[in-house]
Amino acid sequence: MATRTDAPTRREQILKEAARLFAERGFHGVGVDEIGAAVGISGPGLYRHFAGKDAMLAELLVGISESLLTGAKRRLDEADGAAPEAVLDSLIEGHIDFALDDRPLITLHDRELDRLRDADRKLVRQLQRQYVELWVGVVRRLYPDLAEPAARSAVHSVFGLLNSTPHLTRPGSLPDRAGTAELLHRMARGAFAAAAGA
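To keep things clear, this report deals only with the structure shown in the data block. (Residues numbered from 1 in each chain as written. Predicted model: local features only at pLDDT ≥ 70, side-chain atom pairs only at ≥ 80, totals over all residues. Heavy atoms only, no water.)

### Focus on the overall build of the protein
Right, on to step 1. Scanning the protein from terminus to terminus reveals eight helices and zero strands.
Right, on to step 2. Its C-alpha atoms give the protein a radius of gyration of 18 Å, within 12% of the compact-globule value 16 Å for 198 residues.
Right, on to step 3. Taken along the three principal axes of its C-alpha coordinates, the protein extends 55 × 40 × 40 Å.
Right, on to step 4. Here the protein holds 198 residues, and 41% of them are scored as buried.
Right, on to step 5. Restricting the contact set of the protein to residue pairs at least 6 apart, pairs at least 24 apart contribute 70%.
Right, on to step 6. Surface accessibility of the protein: about 10800 Å² in total, with carbon and sulfur atoms responsible for 52%.
Right, on to step 7. Each charge class in the protein was averaged separately, 26 positive and 28 negative side chains, and the resulting centres sit 4 Å apart. (Helix = DSSP H or I, 4+ residues; strand = E, 2+ residues; numbered from the N terminus. Rg over C-alpha atoms; globule rule 2.2 N^0.38 Å. Buried < 20%, exposed > 50% of the residue type's maximum accessible area, 1.4 Å probe, protein only. Contact = heavy atoms within 4.5 Å. Areas by Shrake-Rupley, 256 points an atom, 1.4 Å probe, with all protein chains shown as cover. Lys, Arg positive; Asp, Glu negative; His and termini not counted. Charge placed at Lys NZ, Arg CZ, Asp CG, Glu CD.)

### A word on the packing of aromatic side chains
Right, on to step 1. Taken as a whole and judged by the stated rule, the model has five aromatic pairs.
Right, on to step 2. Each ring, one from Y131 and one from W135, has its centre 6.0 Å from the other, and the planes form 70°; the classification is edge-to-face. On the criterion of helical spacing, the pair formed by Y131 and W135 is a turn pair, its members being four residues apart in helix 6 (residues 118–142).
Right, on to step 3. Here W135 and F192 contribute two aromatic rings whose centre-to-centre distance is 6.3 Å and whose plane-to-plane angle is 35°, an arrangement assigned as tilted. A residue pair is termed long-range when its members are at least 10 positions apart, and W135 in helix 6 and F192 in helix 8 (residues 177–195) qualify at 57 residues.
Right, on to step 4. Owing to a relative accessible area of 0%, W135 belongs among the buried residues under this scheme.
Right, on to step 5. Take F192: its relative accessible area is 0%, and that puts it in the buried class. (Phe/Tyr/Trp six-rings, centres within 6.5 Å; stacked < 30°, edge-to-face > 60°.)

### Focus: the packing of helix 4 (residues 84–101) against helix 5 (residues 103–112)
Right, on to step 1. Interhelical geometry of helix 4 versus helix 5 gives an angle of 85° and a closest axis separation of 5 Å. Relative to helix 5, the element helix 4 lies roughly perpendicular. Counting all contacts with helix 4, which are made through F98, A99, L100 and D101, the residues of helix 5 involved are R103, L105 and I106.
Right, on to step 2. Taken together, the residues of the contact of helix 4 with helix 5 break down into five nonpolar, no polar and two charged. (Axes fitted to C-alpha atoms, helices over the stretch in contact; angles between N-to-C directions. Parallel < 35°, antiparallel > 145°, perpendicular 65-115°, else oblique. Nonpolar A, V, L, I, M, F, W, Y, C, P; charged D, E, K, R; others polar.)

### A word on the pattern of salt bridges
Right, on to step 1. Scanning all chains against the criterion turns up 17 salt bridges.
Right, on to step 2. For the salt bridge of E24 with R20, the shortest nitrogen-to-oxygen distance reads 3.3 Å. Here R20 and E24 lie together in helix 1 (residues 10–25), a separation of four residues that amounts to about one turn.
Right, on to step 3. Overall, the relative accessible area of 31% leaves R20 in the partly exposed class.
Right, on to step 4. Where R186 meets E182, a salt bridge forms, and the shortest distance between an N and an O atom there is 3.3 Å. In this pair, R186 and E182 both sit in helix 8, four residues apart, roughly one turn of the helix.
Right, on to step 5. Bridged by salt links that share partners, the residues R75, D97, D101 and R177 form one connected network. (Salt bridge = Lys/Arg side-chain N within 4 Å of Asp/Glu carboxyl O.)

### A short note on the environment of L184
Right, on to step 1. Among the structural elements, L184 can be located in helix 8.
Right, on to step 2. Residues L184 and L123, 61 residues apart in the sequence, show an inter-C-alpha distance of 28 Å.
Right, on to step 3. Ignoring any residue separated from it by four or fewer positions in sequence, one finds L184 in contact with I96, L100, L161, L162 and T165.

Below you can see the structure in the form of C-alpha cells.
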C-alpha cells in the first residue's frame, strides 16, 4: 500500500522540478526539455504525463491551494473541541510548514498566477477564499471583539508575513528550520494579538 514515505512518483518529480525551475527562471524562461532533463527523461516524454507547461503550472497552483485548504480542514477536525488558541496554533503551524517547505510554489504563485487559464485562476481564488474564511472563523473565536473585516485583513497580513520566506535566501539570513518556524509562529501570534488590541 502506498504511503507518503514512498518514493515520489514520476509525475510528482516532474512537478517538483517544474516548480523549482519556474520559480528560478520564470515560466517562459524554462523549456520542456529542461524540465525533462531535470528528472531524467526526454522533453517529449513529459507529454505522457502532462499536456504541456500550462498544465503543469495549473496543477501546481491549483494543487497547493487544494492542499492548504484540505490540510486546514483536517486540522480543524482534529482540534474539534480544543481551545481556539490551540486551533489557531495548529493552523499557523500548517501554514509555516508550507512556507518553509514549498518556497518555490510561493514564488510561482506570486509571479505566474495570471498565466493560468481563467477557469483555473478562478478555482485557485475560490480555494484561497475558503482557506482564508476558515482562519477568520478561528481568529474570531479567539478574539470575539475583532470585527470580521479586521480579522480578514489580519489573516491576509499574516499570510504575507509567513509567505515572505522565499525572499530570505541569503546564507545566514534565517536560523535553522526549527528556529525559523518558532520565530514565524511568534510573529504570527503577535500580529493577531496586535490586530485585536490584546
